[in-house]
Amino acid sequence: MQFFKVHGLGNDFILVDLVKQEWPGGENLSESARRLCHRQFGIGADGLVLLHPSPRADVFMQVINSDGSEAEMCGNAIRCVAKYLYERGGIKKEVMHIETRAGVMVPRLVLENGRVAAVRVDMGIPRLERQDIPMIGPPGSVIKEPLVLEGQTFHITAVSMGNPHCVLFVPDVEQVDLYGLGPKLEKHPLFPRKTNVEFVQVLNRSEVRVRVWERGAGPTLACGTGACATVVAGVLNNYTDREVKVHLPGGTLLIEWKEDNHLYMTGPAEEIFCGQIPCS
Ligand SMILES: N[C@H](CCC[C@H](N)C(=O)O)C(=O)O
């Protein structure tokens, strides 16, 4: 079975087009994702992205994290999917509709010499109500809410972009104990479906630095939905304006929270290689 190895700012994925080929039986998707995403025993990736036919969009994008859990949406992956569909999938449209478990997203391609140089994605609207994150607790939004973890009090802002995000503002992201705090927040009982975690250092009202601990994948070099959640949290806390350069370890995403309440994410997408997965 053919796959493409793709990434958005180093957040990397194994992309398998199931519009053109059948997924072999015998192994469930979670097991396959864990096996194929393993950095030594497999191809190595933050996740497995499967494309399926869709009755209401150009394609349905299914996202499986490297731990085998399924995610509602993935910002870096959707840019790679749009590039793949245009350059290899026969969908010669500059504006596409990609169905996800978080709704139908709308990527617009930025073309240079017939190639996809970047992708600007309408990521939809943020969900701020606690039960929509989802998060346990009284109704309302979660903005700079105290959360006690091992005797330390953190102030969190929770945003869903279809998938859950816990955003914390810190003076220096390099000083954050990402490997210690990340998994404890990811699996905190306040988040019944776990959560992605973003540590954010505000540089100025239009630039931030972010380090991410992703639900189901751990530390990644970039997180598109996380960058969107970061800007929503930055505006809600009056730390940033609505158009922000989000600097992640793998590179920079431009995020705009427009007057239509939609988040727009602009960034690159890369195809590294293609290969064959032996069909057992
Ligand atoms: N680990 C995430 C999915 C991937 C999101 C991230 N890679 C992005 O670019 O948005 C989750 O379980 O919600």
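Just so you know, these numbers come straight off a predicted model, no measurement behind them.

What counts, and at which threshold
Residues numbered from 1 in each chain as written. Predicted model: local features only at pLDDT ≥ 70, side-chain atom pairs only at ≥ 80, totals over all residues. Heavy atoms only, no water. Buried < 20%, exposed > 50% of the residue type's maximum accessible area, 1.4 Å probe, protein only. Helix = DSSP H or I, 4+ residues; strand = E, 2+ residues; numbered from the N terminus. Pairing = 2+ DSSP bridges. Right-handed = clockwise from strand over helix to strand, strands pointing away. Domains from an automatic or database assignment. Contact = heavy atoms within 4.5 Å. Buried area = accessible area lost by both parts, 1.4 Å probe. Salt bridge = Lys/Arg side-chain N within 4 Å of Asp/Glu carboxyl O. Polar contact = N/O pair within 3.5 Å; in protein donor to acceptor, adjacent residues only side chain to side chain. Nonpolar A, V, L, I, M, F, W, Y, C, P; charged D, E, K, R; others polar. Phe/Tyr/Trp six-rings, centres within 6.5 Å; stacked < 30°, edge-to-face > 60°. Lys NZ or Arg CZ within 6 Å of the ring centre and 35° of its normal. Core = buried A, V, L, I, M, F, W, Y, C linked by side-chain atoms within 4.5 Å. Expected span 1.5 Å × (residues − 1). Near = heavy atom within 4 Å. Areas by Shrake-Rupley, 256 points an atom, 1.4 Å probe, with all protein chains shown as cover. Lys, Arg positive; Asp, Glu negative; His and termini not counted.

Another aspect to go through is the pairing of strand β2 (residues 11–17). Looking along a regular strand, one sees the side chains alternate between the two faces of the sheet. Extensive coverage of β2 is indicated by the burial of 7 of its 7 residues. The side-chain alternation of β2 yields two buried faces, one formed by Asn-11, Phe-13, Leu-15 and Asp-17 and the other by Asp-12, Ile-14 and Val-16. The pairing of strand β1 (residues 2–8) with β2 spans 5 bridges and is classified as antiparallel. Looking at the pairing, Gly-8 lines up with Asn-11 of β2. The sheet contact formed by β2 and strand β3 (residues 47–52) spans 5 bridges and is parallel. Bridging across to β3, Val-16 finds its partner in Leu-50. In this view, the connection linking β2 to its parallel neighbour β3 by way of helix α1 (residues 29–37) has right-handed handedness.

Turning our attention to the domain arrangement of the chain. Each domain of the chain was delimited in the assignment, giving domain 1 (2–121 + 268–276) and domain 2 (130–261). At the interface, 19 residues of domain 1 touch 21 residues of domain 2. Across the domain 1 to domain 2 interface the summed buried area is about 1300 Å²; carbon plus sulfur atoms make up 45%. Per-residue buried area on domain 1 facing domain 2 is highest for Leu-9, Glu-72 and Arg-120; these three make up 39% of the total on that side. On the surface where domain 1 and domain 2 come into contact, there are 3 salt bridges. Two residues, Arg-215 and Glu-72, come together in a salt bridge whose shortest N-O distance is 2.6 Å. Linking domain 1 with domain 2 are 7 residue pairs in polar contact (both at pLDDT 80 or more), by the criterion used here. For the side of domain 1 that touches domain 2, the secondary structure elements donating two or more residues are β5 (70–71) and α2 (75–87). Take the side of domain 1 that touches domain 2: its biggest share by element is 3 residues, from α2. Grouping the constituent residues of the side of domain 1 that touches domain 2 by class yields 5 nonpolar, 8 polar and 6 charged.

Before going further, it helps to spend a moment on the packing of aromatic side chains. Remark: the centre distance and the inter-plane angle together describe each pair of aromatic rings, the angle taken between the planes. This structure, assessed with the given rule, holds 4 aromatic pairs. Seen from their ring centres, Phe-3 and Phe-273 are 5.9 Å apart, and the 85 degrees between their planes marks the pair as edge-to-face. In this pair, Phe-3 is assigned in strand β1 and Phe-273 in strand β18 (residues 270–276), connecting sequence segments 270 residues apart. On the basis of relative accessibility, which here comes to 5%, the residue Phe-3 falls in the buried class. Looking at Lys-92, its charged tip hangs above the ring of Tyr-86, at a distance of 4.3 Å from the centre. Here Arg-242 stacks its cationic end above the ring of Trp-257, 4.2 Å away from the centre of that ring.

Right, let's get into the nonpolar core. Core analysis: the largest hydrophobic core is formed by 56 residues, its most contacted members being Leu-51, Met-61, Val-81, Leu-85, Val-246 and Ile-255. Tallying contributions element by element places α2 first for this core, with 8 residues. In contact with Val-246, other than residues within four places in its own chain, are Val-208, Val-210, Ala-227, Val-231, Gly-251, Thr-252, Leu-253 and Ile-255.

Let us now look at α2. Relative to the 18 Å expected for 13 residues at 1.5 Å per residue, α2 spans 19 Å between its end C-alpha atoms, a close match to the ideal helical length. For α2, the tally of buried residues reaches 13 of 13 residues, placing the bulk of the element in the interior.

For the ligand, the set of nearby residues contains 14 residues, the closest of which are Asn-11, Glu-214, Arg-215, Gly-224 and Thr-225. A distance of 2.7 Å separates a nitrogen atom of the ligand from a polar side-chain atom of Glu-214. Between the ligand and the protein, one listed contact pairs an oxygen atom with a backbone N or O atom of Gly-224 at 2.8 Å. Starting from 360 Å² of accessible surface for the ligand in isolation, the protein chains cover 100%. Elements that contribute at least two residues to the shell around the ligand include exactly α2 and α4 (224–236).

With that settled, the discussion passes to the side chain of Arg-79. Structurally, Arg-79 can be placed in helix α2. Here Arg-79 occupies a buried position and makes no salt bridge, while the nearest side chain of opposite charge, Glu-270, is found at 8.6 Å.

Within the structure shown, the criterion is met by 18 salt bridges. One salt bridge in this structure joins Asp-241 and Arg-205, with 2.8 Å as the shortest N-O distance. With Asp-241 in the loop between α4 and β15 (243–248) and Arg-205 in the loop between β12 (196–204) and β13 (207–214), this residue pair connects regions lying 36 residues apart in the sequence. Taken together, the shared-partner salt bridges in this structure form one network comprising Lys-5, Asp-12, Arg-39 and Asp-46.

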